[in-house]
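Letter by letter, the chains look like this.
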Amino acid sequence: MLGVSKTASDDEIKKAYKKMAIKYHPDRNPGNKEAEEKFKEAAEAYDVLRDPEKRQRYDQFGPDAFGPGAGGFGGGAGMSMDDIFSMFGDVFGGGFGGGFSGFGGGFGGRGGQRRKPVYKGKDLRMRIELDLNEIVNGVTKKFNVRTDITCPHCNGSGSEDGQESTCSTCNGQGVVYKTRQTMLGIMQTQTVCDTCQGEGTVIKNKCKHCNGEGIVKGEKQVELELPAGLVEGYAYNFQGKGGAGRRNGVNGDLQILVHEKPHPELLRDGADLVYNLLLTIPQAVLGCSLEVPTHDGKAKITIPSGTQPGTVLRLKNKGIPDINSYGNQRGDEIINISVYIPETLSKDEKKAIDILAGGDNIKPSSSIKEKIFSHFRAYFKK
């Protein structure tokens, strides 16, 4: 989207975004919906690449790093134009609401209207442990987090009486203008107003509980719907589940890092589950019926007579939904068969083995040898 390489520096990314934002800015493309979408896409890309954690996830997983809970690519889908102007105004030194001359009296002014800053709350990061059933089926989790919450006394306004007044320094514009004489003539610049911090209004009677910030430390309950198929170390982003923003701003995000609780009998291999089944010699020779564990209970299987060590059985669709596949296709349960060779034998057992040793069917034929060795060759070629 920004046309930069994977190894681009922060400065190169910022310059590329600035170039794209100028090219597709609504002031320069009035009424052009396609340009507006390009403008938003560039902002979403910049939102990912300017954040080291998001950039690392994107480098590793691509757009899949920001799954269903992220609200789209980078968690930026659904950004309003006001969100973009308030979040990335620093790119132009003073905000999109001004500070960049050349496009009709202030870049980003859009008809001369001042945009009041929208503050974003703190992003949170948590580690959550899921057992196999929760990973296979998905799960809804509820828990309490300690973070910034909206001040209950002023309802987030920051004002004791709910009143704001127009800033006298900038006359409600949120910016102040300065002119100076240069060798090129008179130049005018604008900067964020120090008195109101770009808001255009000031609070005279600040809330005593939050000191005018509109947020206080507290605890809130979070409910998350985690999809099936999550994997160890997966970073899953939930937009708007983080800390409250100042002065009724937007909530930050909550990132969940998944930790898989080991299953006592089943191993995970991507979307497949693996079970190592150890048979006795009689079971392998004579065949048998037995039960094996699955993610949701037990399954009955039949072991044919003469089953060889290294044989692999497959239970179709008894694995884990593949979160990256179309339609969340399920993996299988793979059963690897081994045969237990006794380490010690009684006298009677040794006699029985000696009797068997002379049998015509005890020694493997050349075709059986080739079949077994071919399994080994196939294994080592993987």
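Parameters and conventions
- Counting restarts for each chain, with residues numbered from 1 along the sequence as it is written.
- Where totals are concerned, whole chains, interfaces and linings use all residues; where local detail is concerned, this predicted model gives features only for residues with pLDDT of at least 70, and gives and counts side-chain atom pairs only at 80 or more.
- Hydrogens and waters are ignored; side-chain quantities use all the structure's heavy atoms.
- Helix and strand assignments follow DSSP, with helices taken as H or I runs no shorter than four residues and strands as E runs no shorter than two, numbered in order from the N terminus.
- Only protein chains enter the area calculation, which uses a 1.4 Å probe; residues under 20% of their type maximum are buried, those over 50% are exposed, and those in between are partly exposed.
- The contact criterion used is simple: two residues touch if any of their non-hydrogen atoms lie within 4.5 Å.
- Note on areas: these come from Shrake-Rupley sampling with a 1.4 Å probe, and a residue is covered only by the protein chains present in the view.
- Any pair of Phe, Tyr and Trp rings, taking the six-membered ring for Trp, is counted once the centres come within 6.5 Å. Such a pair is stacked with planes under 30 degrees apart, edge-to-face with planes over 60 apart, and tilted for the rest.
- Only buried Ala, Val, Leu, Ile, Met, Phe, Trp, Tyr and Cys residues count toward a nonpolar core, and they belong to the same one when joined by side-chain atoms within 4.5 Å.
- For every residue, the predictor states its confidence as a pLDDT score lying anywhere from 0 to 100.
- Paired strands, as defined in this entry, are two strands with at least two bridges between them according to DSSP.
- The convention used is that axes are lines fitted to C-alpha atoms, helices contributing only their stretch in contact, and that angles between N-to-C directions extend from 0 to 180 degrees.
- Whenever Lys or Arg places a side-chain nitrogen within 4 Å of a carboxyl oxygen from Asp or Glu, that contact is recorded as a salt bridge.
- The span expected for a helix works out to 1.5 Å for each residue beyond the first.
- Comment on the angle field: the value is read as roughly parallel under 35 degrees, roughly antiparallel over 145, roughly perpendicular from 65 to 115, and oblique elsewhere.
- Crossings are classed by handedness, with left-handed meaning an anticlockwise turn of the near helix from the far one by less than a right angle and right-handed meaning a clockwise turn.
- For this classification, Asp, Glu, Lys and Arg are treated as charged, while Ala, Val, Leu, Ile, Met, Phe, Trp, Tyr, Cys and Pro are nonpolar and the rest, including Gly, are polar.

(A) Region of the structure containing the overall build of the protein. Scanning the protein from terminus to terminus reveals eight helices and 15 strands. Classification of the 382 residues of the protein by burial places 39% in the buried group. Look at the contacts in the protein between residues 6 or more apart in sequence, and 64% of them connect residues 24 or more apart. Surface accessibility of the protein: about 22600 Å² in total, with carbon and sulfur atoms responsible for 50%.

(B) Layout of the packing of aromatic side chains. For the structure shown, the criterion picks out three aromatic pairs. Considering the side-chain rings of Tyr234 and Tyr236, the 5.8 Å spacing of their centres and the 40 degrees angle between planes classify their relative orientation as tilted. Residue Tyr234 is classed as buried on the basis of its relative accessible area, which comes to 5%. Accessibility expressed as a relative area gives 2% for Tyr236, which makes it buried.

(C) Highlighting the nonpolar core. With 37 residues, the main nonpolar core has Ile256, Leu277 and Val292 as its most contacted residues. Element by element, the count of residues in this core is highest for strand E11 (residues 272-279), at four residues. Non-local contacts of Ile256, meaning those with residues more than four positions away in its chain, are made with Met126, Ile128, Phe143, Leu224, Tyr234, Ala235, Tyr236 and Phe238. Formed by 16 residues, the second largest nonpolar core is a distinct cluster that contains Met20, Tyr24, Ala35 and Leu49.

(D) Spotlight on the confidence of the model for the protein. Model confidence for the protein is summarised by a mean pLDDT of 82, while 81% of its residues fall at 70 or above. Confidence over residues 68-77 falls short of pLDDT 50; this stretch has 29 contacts with residues more than four positions distant or in other chains. Here residues 93-113 is modelled with pLDDT under 50, and outside its nearest four sequence neighbours on either side it reaches 48 contacts, counting other chains as well.

(E) Quick look at the sheet that holds strand E8 (residues 235-238). Taken in spatial order, the three strands of this open sheet run E1-E9-E8, and their pairing is mixed. Each having just a single partner strand, strand E1 (124-130) and E8 make up the two edges of the open sheet. When the angles between neighbouring strand axes are averaged without regard to direction, this sheet yields 30 degrees. Note: E1 against strand E9 (residues 254-260), seven bridges, orientation parallel. Residue pairing for E9: Ile128 is matched across the bridge by Val258.

(F) Spotlight on the environment of Ala299. Its location among the elements puts Ala299 in strand E13 (residues 297-303). We classify Ala299 as buried; its relative accessible area is 14%. As for Ala299 and Leu315, which are separated by 16 residues in sequence, their C-alpha atoms are 8.9 Å apart. What Ala299 contacts, discounting residues up to four positions off in sequence, is Leu290, Glu291, Val292, Thr294 and Leu315.

(G) The arrangement of the pattern of salt bridges in detail. Summed over all chains, the structure comprises 16 salt bridges. Residues Asp10 and Arg55 are paired through a salt bridge, measuring 3.8 Å at the closest nitrogen-oxygen approach. On the criterion of sequence distance, the pair formed by Asp10 in helix H1 (residues 10-24) and Arg55 in helix H3 (residues 52-61) is long-range, its members being 45 residues apart. What emerges from the salt-bridge pattern is a single network uniting Asp47, Arg50 and Lys54.

(H) Structural context of helix H2 (residues 33-49). Helix length check: H2, at 17 residues, gives a terminal C-alpha distance of 24 Å against a target of 24 Å (1.5 Å per residue), a fit within 8%. Every buried residue of H2 is accounted for by Ala35, Glu36, Phe39, Lys40, Ala42, Ala43, Glu44, Ala45, Tyr46, Asp47, Val48 and Leu49.

(I) Broad picture of the packing of H1 against H2. Axis separation between H1 and H2 bottoms out at 9 Å; the angle between their running directions is 165 degrees. Classified by the angle between their axes, H1 and H2 sit roughly antiparallel to one another. Handedness of the crossing formed by H1 with H2: left-handed. Together, Ile13, Lys14, Tyr17, Met20, Ala21 and Tyr24 of H1 and Ala35, Lys38, Phe39, Ala42, Ala43, Tyr46 and Leu49 of H2 make up the contact between the two elements. Residues belonging to the contact of H1 with H2 are distributed by class as follows: 11 nonpolar, no polar and two charged.

(J) Spotlight on the sheet that holds strand E14 (residues 312-315). Strand order in this open sheet of four strands is E10-E11-E15-E14, and the pairing throughout is mixed. Looking at strand neighbours, the two that pair on one side only are strand E10 (267-269) and E14, the edges of this open sheet. Sheet twist, expressed as the average angle between the axes of neighbouring strands with direction ignored, equals 30 degrees. The pairing of E11 with strand E15 (residues 333-339) spans seven bridges and is classified as parallel. Residue pairing for E15: Tyr275 is matched across the bridge by Ile335.

(K) Quick look at the environment of Gly121. When you line up the elements, Gly121 lands in the loop between helix H4 (81-87) and E1. Spatially, the C-alpha atom of Gly121 lies 3.7 Å from that of Gly245, the residues being 124 residues apart in sequence. Aside from chain neighbours lying at most four places away, what touches Gly121 is Gly243, Ala244, Gly245, Val250, Asn251 and Gly252.

(L) Quick look at the environment of Asp194. With respect to the element layout, Asp194 can be found in the loop between strand E5 (185-192) and strand E6 (201-202). Placed 24 residues apart in sequence, Asp194 and Cys170 show a C-alpha to C-alpha distance of 9.2 Å.

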